[in-house]
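So the chains spell out like this:
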Amino acid sequence: MKIGVVTFPGTLDDRDAARAVRHAGGQAISLWHDDADLKGVDAVILPGGFSYGDYLRCGAISRFSPVMEPLIAAAKGGMPLLGICNGFQVLAEAHLIPGALTRNQHLHFLCTDQKIRIENNNTAWTSSFSKDQEIVIPLKNGEGSYQCDDETLKMLEGEGRIVARYIGENPNGSRNLIAGISNERGNIVGLMPHPEHAIDSLTGPGEDGLGFFTSVLQSMISGGAK
Amino acid sequence: MAIIVVDVMLKPEILDPQGKAVASALPRLGFSFATDVRQGKRFEITVDGEPTAAQLAEVEVAAEKLLSNPVIENFTVRVEK
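Trainee: Give a detailed account of the environment of A:Asp113, specifying residues and quantitative values.
Mentor: All names here are of chain A. Turning to its location among the elements, Asp113 is positioned in strand 6 (residues 110-118). Residue Asp113 is classed as partly exposed on the basis of its 16 C-beta neighbours within 10 Å. Between the C-alpha atoms of Asp113 and Pro9, which are 104 residues apart in sequence, the distance is 26 Å. Ignoring anything within four residues of it in the chain, the contact list for Asp113 reads Val136, Pro138 and Pro205.

Trainee: Requested: an account of the environment of B:Gln18, with residues and values cited.
Mentor: Along the polypeptide, B:Gln18 turns up in helix 1 (residues 17-28). Spatially, the C-alpha atoms of B:Gln18 and B:Met1 are 34 Å apart, while their sequence positions differ by 17 residues.

Trainee: Break down the interface of chain A and chain B for me, with residues and values.
Mentor: Counting residues at the interface gives 11 residues for chain A, matched by 9 residues for chain B. Class assignment of the residues belonging to the side of chain A that touches chain B gives a composition of 3 nonpolar, 5 polar and 3 charged.

Trainee: I'd like a rundown of unusual backbone geometry, residues and numbers included.
Mentor: Leaving glycine aside, a negative phi is the common case for residues, and trans is the common case for peptide bonds. Residues and elements named next belong to chain A. Here Asp54, not a glycine, exhibits a phi torsion of approximately 60°, which is positive. Mapped onto the elements, Asp54 comes out in the loop between strand 3 (43-46) and helix 2 (68-76). The backbone of Leu177 shows a phi angle near 60°, a positive value even though the residue is not glycine. A tally of 19 C-beta atoms within 10 Å means that Leu177 is categorised as partly exposed.

Trainee: Tell me about the sheet that holds strand 1 (residues 2-10) of chain B, residues and numbers included.
Mentor: Where strands meet in a sheet, backbone hydrogen bonds hold them as pairs that are either parallel or antiparallel. All names here are of chain B. Read across the sheet, 3 strands follow the order 2-1-3 without closing on themselves; strand pairing throughout is antiparallel. With partners counted over all chains shown, the strands left at the sheet margins are strand 2 (40-47) and strand 3 (73-80), one partner each. Here the average twist between neighbouring strands, direction ignored, is 20°. Bridge analysis of strand 1 against strand 2 gives 8 bridges, and the strand direction is antiparallel. Among the inter-strand pairings, Ala2 is bridged to a residue of strand 2, identified as Val47.

Here is what the cut-offs are and how they apply
Residues numbered from 1 in each chain as written. Chains lettered and ligands numbered in written order. Predicted model: local features only at pLDDT ≥ 70, side-chain atom pairs only at ≥ 80, totals over all residues. Helix = DSSP H or I, 4+ residues; strand = E, 2+ residues; numbered from the N terminus. Buried ≥ 20, exposed ≤ 12 C-beta atoms within 10 Å, placed from the backbone. Contact = placed C-beta atoms within 7 Å. Nonpolar A, V, L, I, M, F, W, Y, C, P; charged D, E, K, R; others polar. Pairing = 2+ DSSP bridges. Axes fitted to C-alpha atoms, helices over the stretch in contact; angles between N-to-C directions.

Spelled out as structure tokens, the structure:
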């Protein structure tokens with residue numbers, strides 16, 4: 001099972017994402033932003049970082065990278081796609097998922113081990129979790145406040161598309177404590193906290209993040225999400 | 001040569017924490033005039049000659065596609081005299 005990890009200029013977490021893929025038993029394939037070639041991968045991760053220095057808006061310039069064209073087409077066709085942090089921002093800018101990520105309400109960059117609840121375990125990226133499972137993974141961002149209009153919020157809640165929610169105090173001002181959402185089909189997931197930094201207790205707060213990567217491998221084997 | 005100005009502002013219903021921070025800094029400097037501050041972006045786009053209607057229409061498209069995110073922002077396009 002090949003999982004592509006895209007590197008944009010300014011991406012930081014591509015190596016950790018690739019490591020997480022390998023740790024879960026998959027094969028990590030590096031994808032380059034300037035190369036409109038998905039190299040035959042079965043799923044793709046848009047990792048965190050500060051692509052294009054967050055110029056204009058986070059993810060706004062990366063969204064038009066050559067690699068995005070085949071990626072958007074494949075994801076619309078059902079290929080599993082996970083956007084983490086800056087990757088979530090790219091997904092929002094590409095309108096693959098509704099809403100937008102804005103400056104943290106308190107204006108500070110935040111870096112913490114965050115407790116979240118997996119509320120939808122029917123997506124390509126969360127099937128290894130039990131419903132409402134509580135996990136701890138790092139959250140580190142300056143623009144992580146999820147915003148959308150009331151109608152969109154109602155739709156996301158009504159359709160069970162809130163994949164993960166922050167537990168406890170709202171860390172960044174996100175509407176309804178949203179940490180992650182999915183598209184209608186559940187193959188595309190945007191997540192603000194970082195599961196790839198929590199795959200073993202040696203390098204992270206624990207192993208709670210690994211489930212995102214084992215989920216997608218499992219979903220590809222069962223053919224569920226493809 | 002002319003300059004086309006695109007102003008991009010967060011929609012009124014979107015929280016603007018940067019504007020709020022500026023609004024709370026003003027009174028600390030003794031300025032008491034502001035009841036609210038909203039912060040936005042201004043793009044100055046230089047073109048050769050007087051902009052044509054077609055150019056301005058293209059700028060509108062670019063503003064919607066790249067310069068702003070229509071989910072959270074509004075924009076205006078005008079020619080600077």
